[in-house]
Amino acid sequence: MEKSFVQKAKNIITDAHEELQIEVNKNIRKAKSNEEFNSLNTRKRELLLTLGKSLGDNAKAKAISEELKDITAKQTNVLKSMGLTFEDLKERFNCEKCNDTGLIDGEKCECLKREISSILLKQCGINKSDLPKFSDVDYSLYSEDYVKNIGLIFKNMEHYVNTLSSQEKHIVTISGPAGVGKTFLTECVVERAIAQGYYTIYSTANGLNRMFIDYHSAKIQDKSSIMEPYLKCDLLIIDDNGILYYLDKHQNEELEVGNVEDYLYEYDVYKQEWKKAD
């Protein structure tokens, strides 16, 4: 399953890169349609070839270099007359870190992690563009008694996600009565984590419950593909934990519900085992 997410994410990155090149190719065709630019380009190639054969002749090499500078200046002016620059003719990349490959030395680039996270979010019915930011919080919605505490909580969580890679605390629990903004806060954390290139999974507790039910009922050969995305993510956020406590008290024969603490403990065990094996 994780592999399919990765491939989908890579395809999105590749498609975005190709879309970016459409404009570049259009610019190149426009430049090549100019006879003067093409003529200068032909002369430049000839000089570069000659320069390679003149490494021992400093005087000749200097003369060629001077002519090349002159040609480049003329080409710059030609391009300017067409509303272009040399930069407009170069291959472009949405991600300069990996040149839109999604990988750096075999490891997932931040851009790939962002796309994987976005795909997983969509499975929860959430679009990344719809996620709130920390700057969106409206403290006027809270009473004076709550503002100070709520502000401190949002500030602390913003600092936490900004320094996630160096955090020693790996489990954070956010609790409070209904309507105080717990889900809004977790969505702010998700938005910031994805923006910073962390492979992030956002799930409701009920969704995590279904994942474990699928995992335990799956065939042995299918188990790893179900669990893998959750093990490889940098950040797992679980919302609505309270719903499982409610369902646990009201479950019937038609409803399969797990215990929150048991599942989180089981997840942590799997995560630690995967880290050791990786």
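Quick summary incoming for the structure in this document.

Reading guide: rules and limits
- Residues numbered from 1 in each chain as written.
- Predicted model: local features only at pLDDT ≥ 70, side-chain atom pairs only at ≥ 80, totals over all residues.
- Heavy atoms only, no water.
- Phe/Tyr/Trp six-rings, centres within 6.5 Å; stacked < 30°, edge-to-face > 60°.
- Helix = DSSP H or I, 4+ residues; strand = E, 2+ residues; numbered from the N terminus.
- Lys NZ or Arg CZ within 6 Å of the ring centre and 35° of its normal.
- Expected span 1.5 Å × (residues − 1).
- Buried < 20%, exposed > 50% of the residue type's maximum accessible area, 1.4 Å probe, protein only.
- Core = buried A, V, L, I, M, F, W, Y, C linked by side-chain atoms within 4.5 Å.
- Contact = heavy atoms within 4.5 Å.
- Axes fitted to C-alpha atoms, helices over the stretch in contact; angles between N-to-C directions.
- Parallel < 35°, antiparallel > 145°, perpendicular 65-115°, else oblique.
- Left-handed = near helix turned anticlockwise from the far one by under 90°.
- Nonpolar A, V, L, I, M, F, W, Y, C, P; charged D, E, K, R; others polar.
- Salt bridge = Lys/Arg side-chain N within 4 Å of Asp/Glu carboxyl O.

So, on to the packing of aromatic side chains. Evaluated as defined, the whole model comprises three aromatic pairs. For the pair F134 and F154, a centre-to-centre distance of 6.4 Å together with 85° between the ring planes defines the contact as edge-to-face. Pair noted here: F134 is in the loop between α4 (110-123) and α5 (144-162) and F154 is in helix α5, with a separation of 20 residues, a long-range link. Its end group placed over the ring of Y215, K223 keeps NZ or CZ at 4.7 Å from the ring centre.

Compared with the 20 Å implied by 1.5 Å per residue over 14 residues, the 20 Å span of α4 between its first and last C-alpha is a close match. Inspection of α4 places C111, L112, I116, S117, S118, I119, L120 and L121 among the buried residues, and these make up the whole buried set. Residue G125 follows α4 closely and has a positive phi angle near 80°.

Let us now look at the nonpolar core. Core analysis: the biggest nonpolar cluster contains 28 residues, and I116, I201, M211, Y230, L236 and Y267 have the highest contact counts within it. Of all the secondary-structure elements, those providing two or more residues to this core are α1 (2-32), α4, α7 (205-217), α8 (220-232) and β4 (235-239). Those residues in contact with I116, other than ones at most four positions away along the chain, are F5, V6, A9, K108 and Y199. The next biggest cluster of nonpolar side chains, apart from the first, holds 22 residues, and it includes I126, L164, L185 and I237.

Moving on, we come to the packing of α7 against α8. When two helices pack together, their arrangement is given by the angle between the helix axes and by the axis-to-axis distance. Interaxial distance between α7 and α8 falls to 8 Å at its minimum, and their mutual angle equals 150°. As far as their axial angle goes, α8 and α7 are roughly antiparallel. Where α7 crosses over α8, the handedness of that crossing is left-handed. Residues L208, M211, F212, D214, Y215 and H216 of α7 lie in contact with α8, whose contacting residues are K223, I226, M227 and Y230. Partitioning the contact of α7 with α8 into residue classes produces seven nonpolar, one polar and two charged.

Per the stated rule, a full pass over the model turns up eight salt bridges. A salt bridge links K90 to E87, with the nearest nitrogen and oxygen atoms 2.9 Å apart.

Everything listed is a geometric property; what it means functionally is a separate question.
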